[in-house]
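Geometric and topological summary
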Amino acid sequence: MQAPSASDAPSSTEARRSSDVSTERILDAAALVFGEKGYEAARVADIARRSGLTTGALYARWLTKQELFLAAVEQRGSTRTEVVSGQAELSAARKLAELGSGLLGGGDDSDDAARNLMLEACVMARRDSSLSADVAQSLDVEAAVLAEVVSQGKAADEIDASLSTEAIVFACQALGLGARLAAAAEPREVGLPSVEDWRELMTRFVDSIGPSQS
């Protein structure tokens, strides 16, 4: 049988692209599994099964479950923030309102997994100091995206320039994590607000940090 020619063999670019796709599949699956089950209960085998790959493919990239967890946190921590911030048709104020309206879920499984994953990451960082720096870095990446949106809003006179950007960003992140924590504590006698009511509240919150009318 004739040996394949060099032109028949996958190029290094094709091989790299295939590897990148597999890595994305693994990290997407890891975000879902860690977000659903938590770090302690999640198994690498569950993640491999969800990604459609082998456990060997996972361990070829990350030596431990902790390394995989941190990679998923880094990849997914700011995914939705970056997607919304990149929507050029939205004003900065609307971008913040859109981000706020999604804090309680109601999107797809991927959105919910990303939010739950960051909550789990913060809990794990409290338990294990060796994770603190990596989790803080992921939050910093998200904060940088939010800060850029706030800066755009101030430049466009949509957000009060006298307000601290750091304070606004911290409020957004605290609200995000707090909302997920409160939503996770179910069943509750006082139910969660409807998506419409929550969106209205977040819109008013963003309006409240607009330029002073006085």
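Note: the structure precedes this text.
Summarised in this report is the structure supplied together with it. Source: prediction; values computed, not measured.

**Side note on the environment of Ala-147**
Note that Ala-147 resides in helix H8 (residues 132–155). Here Ala-147 falls in the partly exposed class, since its relative accessible area comes to 22%. For the pair Ala-147 and Glu-166, spaced 19 residues apart in the sequence, the C-alpha separation amounts to 7.3 Å. The contact partners of Ala-147, leaving out residues within four places of it in the chain, are Thr-165 and Val-169.

**Quick notes on helix H10 (residues 195–208)**
Counted at 1.5 Å a residue, the expected span for H10 with its 14 residues is 20 Å, and the 20 Å between its end C-alpha atoms agrees. For H10, the set of buried residues is Trp-198, Met-202 and Val-206. An end-on view of H10 places all buried positions within 75° of arc, on one side of the element. Exposed side chains of H10 directed beyond 90 degrees from the buried face belong to Glu-196, Asp-197, Arg-204 and Ser-208. Turning to H10, the residues buried within the fold contact helix H6 (92–101) and helix H9 (165–184).

**Some words on the nonpolar core**
Formed by 28 residues in total, the largest nonpolar core has its most connected members in Phe-34, Ile-47, Leu-58, Leu-68, Phe-69 and Leu-117. When residues of this core are traced back to their parent elements, those giving at least two are helix H1 (12–41), helix H2 (44–51), helix H4 (65–76) and helix H7 (109–127). By residue number, the principal contributor to this core is H1, which donates eight residues. Residues in contact with Leu-68, not counting those within four places in the same chain, are Ile-26, Leu-27, Ala-30, Phe-34, Ile-47, Leu-58 and Trp-62. Counting residues in each nonpolar core, the second largest holds 16 residues, with Leu-96, Leu-146, Ile-159 and Val-169 among its members.

**Some remarks on the packing of aromatic side chains**
By the definition in use, this model includes three aromatic pairs. Measuring from ring centre to ring centre gives 5.9 Å for Phe-34 and Tyr-39, while their planes differ by 15°; the resulting arrangement is stacked. A ring pair is formed by Phe-34 and Phe-69, whose centres lie 5.0 Å apart and whose planes are at 80°; its orientation type is edge-to-face. Within this pair, whereas Phe-34 is found in helix H1, its partner Phe-69 is found in helix H4, the two being separated by 35 residues in sequence. Like Phe-34, the residue Phe-69 is buried in the burial classification. Sitting above the plane of the Tyr-39 ring, Lys-65 keeps its charged end 4.6 Å from the centroid.

About the criteria used
Residues numbered from 1 in each chain as written. Predicted model: local features only at pLDDT ≥ 70, side-chain atom pairs only at ≥ 80, totals over all residues. Heavy atoms only, no water. Helix = DSSP H or I, 4+ residues; strand = E, 2+ residues; numbered from the N terminus. Buried < 20%, exposed > 50% of the residue type's maximum accessible area, 1.4 Å probe, protein only. Contact = heavy atoms within 4.5 Å. Expected span 1.5 Å × (residues − 1). Arc of directions from axis to C-beta. Core = buried A, V, L, I, M, F, W, Y, C linked by side-chain atoms within 4.5 Å. Phe/Tyr/Trp six-rings, centres within 6.5 Å; stacked < 30°, edge-to-face > 60°. Lys NZ or Arg CZ within 6 Å of the ring centre and 35° of its normal.

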